[in-house]
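Survey of secondary and tertiary structure
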Amino acid sequence: MQYPDLGPIMPEIAFIAAALVVLMLELVIKRKEAIGFLAIIGIAVAMFYMKGSFGATFQSASNPQEFMFVSDGYSAFFKVIFFVNLFMSILISLKYLKIEDSLKGEYFSLLMLSTSGMMIMASSGDLIVLYLGLELMAMSTYILAGFMRNNTRSNEAAIKYFLLGAFSSAILLYGVSILYGLTGTTNIYRLAGLVAAEDVHSSPALLLSVVMIIVAFGYKVAAAPFHMWAPDVYEGAPTSVTAFMSVGPKAAGFAVMGRVFLISLSSYKVEWTTILIPVAILTMAVGNIVAIAQTNIKRMLAYSSIAHAGYAMLGIIAGTRMGLAAMMNYLLVYAFMNVGAFAIVIMLRSNVVKGDELSDYQGLAKSNPLAAALMLVFMFSLTGIPPTGGFMGKFYIFMSIIDAGYIWLAVVSVVFSAISAYFYLRIVVLMYMKDQEKVPELSLSPALSLSLIISFVMVIAMGILPSAFIDVARVVSLIL
Amino acid sequence: MELGYPILSTVIFLPIIGGLLLLLISRANESVIKWGALAVSIVTFVVSLPLFTNFDKTTHLMQFTEGGPHKWIAAWNIHYYVGVDGISVLFVLLSTLITILCILISWNSIKDKVKEFYIALLMIEGSMIGVFCSLDFFLFYIFWEAMLIPMFLLIGVWGGPRRVYSAIKFFLYTLVGSVLMLVGIIVLYKQAQTFNILEMMSRSYPYKLQLMLFWAFFAAFAVKVPMFPVHTWLPDAHTEAPTAGSVILAAILIKMGAYGFLRFSIPMFPDAAKAMMPVMLGLSVVAIIYGGIICLAQTDLKRLIAYSSVSHMGFVTLGIFAFNSQGVEGGILQMINHGIVTGALFLCVGVIYDRTHSRVIADYGGLATPLPVYAGFFLVFTLASIGLPSMNGFIGEFLIILGGFKASKLVGVLAATGVIIGAAYMLWLYQNVFFTEVNDKVKDLKDMNGREILTLLPLLILVFWIGVYPNSFLSFMHVSVSHLLEKVNYGASADMNLAQIFIDLIR
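Now for a quick tour of the structure. Keep in mind the model is a prediction, meaning the values are calculated, not measured.

Each value, and the rule that gives it
Residues numbered from 1 in each chain as written. Chains lettered and ligands numbered in written order. Predicted model: local features only at pLDDT ≥ 70, side-chain atom pairs only at ≥ 80, totals over all residues. Heavy atoms only, no water. Buried < 20%, exposed > 50% of the residue type's maximum accessible area, 1.4 Å probe, protein only. Helix = DSSP H or I, 4+ residues; strand = E, 2+ residues; numbered from the N terminus. Contact = heavy atoms within 4.5 Å. Buried area = accessible area lost by both parts, 1.4 Å probe. Salt bridge = Lys/Arg side-chain N within 4 Å of Asp/Glu carboxyl O. Polar contact = N/O pair within 3.5 Å; in protein donor to acceptor, adjacent residues only side chain to side chain. Nonpolar A, V, L, I, M, F, W, Y, C, P; charged D, E, K, R; others polar. 1 Å grid on protein atoms, 1.4 Å probe; cavity = no way out; pocket = protein on both sides within 12 Å on 5 of 7 lines; lining within 4 Å. Points joined across faces, edges and corners; volume = space filled by probe spheres on them. Axes fitted to C-alpha atoms, helices over the stretch in contact; angles between N-to-C directions. Parallel < 35°, antiparallel > 145°, perpendicular 65-115°, else oblique.

Moving on: helix α20 (residues 467-476) of chain A. Those residues of α20 of chain A not exposed but buried are S467, I470, A473 and V476 of chain A. The inward-facing, buried residues of α20 of chain A abut α3 (73-100), α14 (321-347) and α17 (389-403) of chain A together with β2 (71-73) of chain B.

What follows is the structure, encoded as structure tokens:
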């Protein structure tokens, strides 16, 4: 019997092992901050294995092309996004969880397991593997959303997330099973050729299957009209988990969308773009317009993250290498600016103040100019104003969509982008242009400061010297 | 002409770096911050002077160019590439000068968040100059948008009572216009495969595309100018901004829109621009007359001057879209003039506002009695704004009306009535503020101090310099303008120089 080459999957194996070690050590280590540090070491180990892991694994005996797990540049790029997200989430959690009285070792272990799920998703070469990864990610995140056991809002968030998530998983499975019925395979790469066949291509069942897959992925990335869960869950979940959720699962969703739509279903592009374009426009519209009406910053950022999913989706719609590279670059910069914004939100959470109402930001520039200035940078980056990374990300997306011939779609999305300025500016207005009612007590910690420094430096670096990031994204988008 | 050092990059980045250095100074050291900002702006101005003295007036090519082959973002073929020609060089100089004056006028009036104020001001200066120097469209857009952030803060943090509303309105109007231009830029890039402005200009584009892009760019530039009917942000922003903000808005920021027409819309889409000439002339005339009539009904000093800007910028776009050398040169000169005169008027309002904290015209009256020097300065700028001969406003408006008349007699006549309306509201304003009976509120006020006189003096000199000997400024743009017009009119333009115009006039 021939054993499969485990090299490509080593990062995942190492990382899951690290997650389990963290879970065990939780029993003996009393200082929970140390466990967070161990989790960071886990990231380093996985990164170490990632270097030499390129390749494909678990070929089937009958067809050597039919691998189930692919470790390529594309997945590696996403894994870096997941690691960034995890690393930053751990940094911003430490002090916050202590204030919330929820600092437990399992928290870090769950974050790591969820990230492992995302890694498997990004690398999946088979829809079944994809589903395994997705469930691992989702299960861990459900628990994380309800991690503040004594808080009803947190419990509500977890239940809501779980119920709707279970539905979407079932819908995904149903879509995949139809695809399997039509073609006899679940392999992403083999599907490409089979879907192109005349009898499959013209079958209405294929359309049904694609619709179901879009619904399921749309749920994962919080695209309208499958976004209903997002604001409640984002608001109820612990803020550090919200930061984690608003980037990681979304990026993972886009990673698999890129692979499934642009490889398996590439011959079906006309049909799925017809569905995705309205979804993307609706997502941008709902995200940007409803965000204006929010008074809670976590809800506002939830809607903003919905809107950003709409922009990233444009990269998939473009359907080109450039579109894919633009989407990846966008998600990377989004990870930094969004976690940066959440870090400020967490900073305002002190023992006395909840700090997630917009009015809590009133006059922040007076009492803490540095925090206000950082929030200003993140807000302008989320709006997409140069010289921040957010602008470069959006610019690349618009460039790819125009290059693919959808000028009108670019016009629609820039208009929504301008609308979004209104609610991001509102935070700036509150911080700089309103007088302070009460002086907020900020909860500072070295880890939180570190995460803020990293996100600030990266947002500016990606805005002023975007070349390095774009070149990497261009190279690794070579999967097409 | 080449200098030994990268002059344009220095002028762009010196204020930005200076602003970042101010960050390091402790908040308590207000005077250090003020003097530091002033020093940075003066050094920038001095560094920019060779642009005036060493400029080669015999070529339409870009001068002082820097960084041509160095790629900034290789994947998108974007370069860091800057340079100036006869159209842009004067604006760079105007920007460096105006910033000094803005710092001087804010010396005592800004008391809150002093550090941030001067940082914002210097950031604006750097990005404004960047806009005028960029020869790469992407770079241009970066500066164009980046300026929004400090300007938004300037209006919103240090402005008047309705500052938040005005700041958001300003930001959103400009942003919507800009993002539409962004789409246009990318479409253009897809055609030209480069962001290099000179290369983009050297190509010709199909008429339908030209038309589409012309309107996409119109969205951005018309908002900035501002042209009727997208001018409504301007009165609010001007009125509520602090004095320095109003001055920068009036003197330079709104010139960027007209500059955009000259630099991009007209040379890149000449056919579309020609086809749209009646529309643009029509909108310009509406702005001139409508802006003027609204001025007559104002009760607020700053608001009146703001609406007069709408009217005056109507003259500028009229001149530009007349497509003859008088019109275009007059348009460019009028941009400079308007920058000087309206900038000066806002500075003047700032001087009195610091004393009374009122902008209501009815609160004043007989101001000439307690403040004779101030009244003198204000009179000169009022007359310059009206366009009295021997002052700069006359030269600009005259050339524009001449150009407009050549393009269309009706337009010329209507534009000329705008001058009359202009005289009416400015003289009415002057009479109500400075003559009539001395208002009790103002009788104890002190006249201008040395710092304030020093602020207004350079502009006073420029008013007469341009008015008496405009050629020292017009000569910068002759070659560039005729090259531009050649492109639009396919070499069929009847070029005349200023001397000929005056000879014609005397006959």
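Right, let's get into the interface of chain B and chain A. Listed as interface residues are 36 residues of chain B and, on the opposing side, 41 residues of chain A. Interface area lost by chain B to chain A is led by W76, V183 and I186 of chain B, which between them contribute 18%. For the pair chain B and chain A, the interface holds 1 salt bridge. With a closest N to O distance of 3.0 Å, K366 of chain A and D112 of chain B form a salt bridge. One can count 6 residue pairs in polar contact (both at pLDDT 80 or more) joining chain B with chain A. When contributions to the side of chain B that touches chain A are tallied by element, the ones reaching two or more residues are β2, α6 (137-146), α7 (148-158) and α8 (163-192) of chain B. Broken down by element, the residue count for the side of chain B that touches chain A peaks at 15 residues, all from α8 of chain B. Looking at the side of chain B that touches chain A, its residues break down into 28 nonpolar, 1 polar and 7 charged.

Space left empty within the atom packing is revealed by a probe, the size of a water molecule, rolled over the atoms. Considering only enclosed or pocket space, the largest pocket measures out at about 1,600 Å³ in volume. Lining of the largest pocket is provided by 44 residues; of these, V377, F456 and I460 of chain A together with L20 and M123 of chain B occupy positions nearest its centre. Contributions of two or more residues to the lining of the largest pocket are made by α16 (369-383) and α19 (446-464) of chain A together with α1 (7-22), α5 (114-133), α6 and α7 of chain B. For the lining of the largest pocket, the leading source of residues is α16 of chain A, giving 8 residues. What the second largest pocket holds in volume is close to 620 Å³. When residues in the lining of the second largest pocket are grouped by element, the largest group, 3 residues, is from helix α18 (residues 407-433) of chain A. Taken together, the residues that form the lining of the second largest pocket break down as 11 nonpolar, 11 polar and 13 charged.

So, on to the environment of L132 of chain A. Residues and elements named next belong to chain A. Structurally, the position occupied by L132 is in helix α5 (residues 127-145). The exposed category is assigned to L132, whose relative accessible area is 56%. Separated by 12 residues in the primary sequence, L132 and L144 have C-alpha atoms spaced 19 Å apart.

Below, the discussion takes up the packing of helix α19 (residues 392-407) of chain B against helix α20 (residues 409-434) of chain B. Residue and element names in this part refer to chain B. Close contact between α19 and α20 brings their axes to 7 Å; oriented N to C, the two are set at 155 degrees. When the interaxial angle is binned, α19 and α20 end up roughly antiparallel. On the side of α19, the interface is formed by E397, I401, G404 and F405, while α20 contributes K409, V411, G412, V413, A415, A416 and V419.

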